[in-house]
Amino acid sequence: MTLAHSRSKGARATDLRIEFMSRVRLVSPDLISKEEESFNRTLRPPSLEEYVGQRAAVEKLSIALQAAKQRGEPIEHTLLYGPPGLGKTTLAYIIANAMGAKIITTSGPALERTGDLMGILTNLGEGDVLFIDEVHRLPANIEEFLYPAMEDFKVDFVVDKGMFAKTINVPLKKFTLVGATTRAGSLSAPLRNRFGLFFHLEFYSVEDLQKIILRSAEILKAKLEPAAAEEIARRARGTPRIANRLLRRVRDFAEVKADGRISAPIARQALQLEGVDEKGLDELDKKFLSTIIHNYHGGPVGVEALSATLNEEVDTLVDMVEPYLLQIGYISRTKSGRRASEAAYQHLQIPRPSSDAPATTLFD
Ligand code: ADP
């Protein structure tokens, strides 16, 4: 169930974000169109059994769910963290499904006034799941309002102002807050301490992404060969959302340029046409790497300088470009800035000047 609130303000915030994101890239880990949201919904695995990969998180979560069910209690407040598109929202829905509870979704920036949150909290039933995406972006006053709700299942609501102000203590049903964040480090300590369960989602292996793509193809009734699923998986930057998006582009290509059957060569051709190379890098990634290499002699260079040279927001570079390049070891992040690694030079086929220091590790 979604409350009227999350359809109004929440939807507006999402629309704005999507409008911004739609100017962005096929390999963006964030949602790139409104329509993609509903497409994603149809592909969401409904249970932990169908949730591919993330073995450590899945095992811990399935024990926590079983224990909560045996005690007949709601599962503890849960924090899911990791880069966008890895399945945090999906897990929140799985938790609600497993507990036989309703889920209400909103996001940090959509909650502006305590009254908004008050309405949501007082409508929650016993065991319901309140999912707050981007929980690190909750305004401070909303966060403080949440503390007693999370801890003691009550809220202190102030009515009237000045000398007429009165605090009303409102009891709540025992609910579960599931928070999702891409930046666990940005969460305040008091909020973080009120979560009982923590799950860190990791980038997916090519094998897991291949399974996800084959599962999605079955739901979409696309004729996909396993070798083609592997081609797509290799370019999906460890991210299921990107894997599903690439699958759609490839399916369109196969329907128009071939007989609809998706073979490995068709997948390769389609993705080449989309500007996604065999490592899943697009123009922005390559520009990012070649700027470090050509303009800054391979680094180190600060992200602000890169942002100015590339004419891209710092946040775009930090959230959308760097995580994957770090993951595949094409850059390292040091105290003095970003450096391109040997592998990055090789991938771009740029000879490394002999006077350059050898590639650094993550720890220097
Ligand atoms: P996040 O909330 O972390 O941004 P989502 O939960 O919205 O990511 O996941 C994006 C899409 O990727 C979902 O629609 C779902 O279809 C797919 N997905 C994510 N994780 C998995 C998984 N482990 N197994 C299968 N599909 C997944």
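Throughout, residues of each chain are indexed from 1 in the direction in which the sequence is written. Predicted model: local features are reported for residues with pLDDT of at least 70 only, side-chain atom pairs are reported and counted for 80 or more only, and whole-chain, interface and lining totals are derived from all residues. Hydrogens and water molecules were not included; the side-chain quantities draw on all heavy atoms of the structure.

Caption draft 1: Geometry of the nonpolar core. Grouped together as the largest cluster of nonpolar side chains are 55 residues, with contacts concentrated most on Leu 224, Ile 232 and Ile 262. With seven residues, the single largest contributor to this core is helix H10 (residues 240-257). Domains are outlined according to an automatic or database domain assignment. Here this core spans two domains, since at least three of its residues come from each of domain 1 (9-200) and domain 2 (206-273). Note on contacts: a residue pair qualifies if any of its non-hydrogen atoms lie within 4.5 Å across the two residues. With sequence-adjacent residues up to four places away left out, Ile 232 is seen in contact with Ile 213, Leu 224, Ala 243, Leu 246, Leu 247, Val 250, Ala 267 and Leu 271. Here, the term nonpolar core denotes a set of buried Ala, Val, Leu, Ile, Met, Phe, Trp, Tyr and Cys residues that are joined through side-chain atoms within 4.5 Å. Accessibility here uses a 1.4 Å probe with only protein chains present; expressed as a share of the type maximum, an area under 20% marks a residue as buried, one over 50% as exposed, and anything in between as partly exposed. In terms of nonpolar packing, the next biggest core, distinct from the first, is built from 27 residues, Leu 79, Ile 132, Val 155 and Leu 172 among them. Helix and strand definitions follow DSSP, with helices as H or I runs of at least four residues and strands as E runs of at least two, each counted in order from the N terminus.

Caption draft 2: The arrangement of the side chain of Thr 90 in detail. With respect to the helices and strands, the residue Thr 90 is situated in helix H4 (residues 88-99). Classification of Thr 90 as buried rests on a relative accessible area of 12%. Setting aside anything within four residues of it in sequence, one finds Thr 90 in contact with Arg 44, Pro 45 and Tyr 51.

Caption draft 3: Seen up close, the domain arrangement of the protein chain. Annotation of the protein chain at the domain level lists domain 1 (9-200), domain 2 (206-273) and domain 3 (283-348). Taken over C-alpha atoms, the centre of domain 1 sits 32 Å from the centre of domain 3. Across the contact, eight residues belong to domain 1 and eight residues belong to domain 3. Interface area, domain 1 with domain 3, both sides summed: about 600 Å², of which 52% is carbon and sulfur. What makes a salt bridge here is a side-chain nitrogen of Lys or Arg within 4 Å of a carboxyl oxygen of Asp or Glu, nothing more. Linking domain 1 to domain 3 there are three salt bridges. Among the ionic pairs, Asp 285 bridges to Arg 25, the shortest N-O distance being 3.0 Å. Broken down by class, the residue content of the side of domain 1 that touches domain 3 amounts to four nonpolar, one polar and three charged. As a working definition, buried area equals the accessible area (1.4 Å probe) given up by two parts on being put together, with both sides summed. Each residue is assigned to one of three groups, with Ala, Val, Leu, Ile, Met, Phe, Trp, Tyr, Cys and Pro labelled nonpolar, Asp, Glu, Lys and Arg labelled charged, and all others, Gly among them, labelled polar.

Caption draft 4: Fine view of the confidence of the model for the protein chain. Per-residue confidence for the protein chain gives a mean pLDDT of 89, with 91% of residues at or over 70. Per-residue confidence from the prediction method is given by pLDDT, with values spanning 0 to 100. Ignoring residues within four places in sequence, the model shows residues 1-8, a span with pLDDT below 50, making 17 contacts including any to other chains. For residues 16-23, every residue scores under 50 in pLDDT, and the model assigns this stretch 14 contacts once sequence neighbours within four places are set aside.

Caption draft 5: Seen up close, the packing of aromatic side chains. Two aromatic rings, drawn from Phe, Tyr or Trp (for Trp, its six-membered ring), form a pair once their centres lie within 6.5 Å of each other, and the interplanar angle then sorts them: stacked below 30 degrees, edge-to-face above 60, tilted otherwise. Under the defined criterion, the tally for this structure stands at two aromatic pairs. Considering the side-chain rings of Phe 145 and Phe 157, the 6.2 Å spacing of their centres and the 70° angle between planes classify their relative orientation as edge-to-face. Of this pair, Phe 145 sits in helix H6 (residues 140-152) while Phe 157 sits in strand S4 (residues 154-159), and the two are 12 residues apart along the sequence. Of the residues examined, Phe 145 reaches a relative accessible area of 9% and is grouped as buried. Ring plane angle 85° and centroid distance 5.6 Å describe the contact between Phe 153 and Phe 175, whose orientation is recorded as edge-to-face. Linking Phe 153 in the loop between H6 and S4 with Phe 175 in the loop between strand S5 (166-171) and strand S6 (176-181), this pair joins segments that are 22 residues apart in sequence. Both residues of the pair, Phe 153 and Phe 175, belong to the buried class. We call a charge positioned over a ring when the NZ of a Lys or the CZ of an Arg lies within 6 Å of the ring centre and within 35 degrees of the ring normal. One residue, Arg 44, lies across the ring of Tyr 93, its end atom 4.7 Å from the ring centre. Looking at Arg 194, its charged tip hangs above the ring of Tyr 147, at a distance of 4.2 Å from the centre.

Caption draft 6: Main features of the pairing of S4. Here, a strand pair is defined by DSSP locating no fewer than two bridges between the strands. Relative to S5, S4 runs antiparallel, the two sharing six bridges. Paired with Val 158 across the strands is Thr 167, a residue of S5. Here S4 hands over to S5 after six residues, with Asp 160 in that stretch at a positive phi of 65°.

Caption draft 7: Highlighting the pattern of salt bridges. One pass over the full model with this rule turns up 23 salt bridges. Note that Arg 215 and Glu 50 form a salt bridge whose closest N and O atoms lie 3.1 Å from each other. Residue Arg 215 is located in helix H8 (residues 206-220), and its partner Glu 50 is located in the loop between helix H2 (34-43) and helix H3 (55-71); the two are separated by 165 residues in the primary sequence. For Glu 134, the salt bridge identified is with Arg 137, shortest N-O distance 2.6 Å. Note on Glu 134: relative accessible area 13%, which makes it buried. Salt bridges sharing partners connect three or more residues here, namely Arg 25, Arg 237, Asp 282 and Asp 285.

Caption draft 8: Highlighting the side chain of Arg 245. Secondary-structure assignment places Arg 245 in helix H10. Here Arg 245 falls in the buried class, since its relative accessible area comes to 2%. When residues no more than four places from it in sequence are discounted, the contact partners of Arg 245 are Arg 25, Leu 26, Val 27, Ser 28, Asp 30, Leu 31, Ile 32 and Glu 36.

Caption draft 9: Region of interest: the site of the ligand. Near the ligand there are 18 residues, and of these Val 52, Gly 85, Lys 88, Thr 89 and Thr 90 occur at the shortest range. The backbone of Val 52 places a nitrogen or oxygen atom 2.8 Å from a nitrogen atom of the ligand. Polar contact criterion, stated in full: a pair of N or O atoms within 3.5 Å, where within protein one must be able to donate a hydrogen and the other to accept it, and residues adjacent in sequence count only if both atoms are side-chain atoms. Contact between the ligand and Thr 90: an oxygen atom at 2.5 Å from a side-chain N or O atom of the residue. Values of accessible area rely on a 1.4 Å probe in the Shrake-Rupley scheme; residue burial ignores everything except the protein chains shown. Burial of the ligand by the protein chains amounts to 97% of its free accessible area of 560 Å². Those elements that provide at least two residues to the shell around the ligand are H2, H4 and H10. Tallied by class, residues from the shell around the ligand come to nine nonpolar, six polar and three charged. Summarising the domain contributions, the shell around the ligand has at least three residues from each of domain 1 (9-200) and domain 2 (206-273). A molecule or strand has a residue near it when one of that residue's heavy atoms lies within 4 Å.

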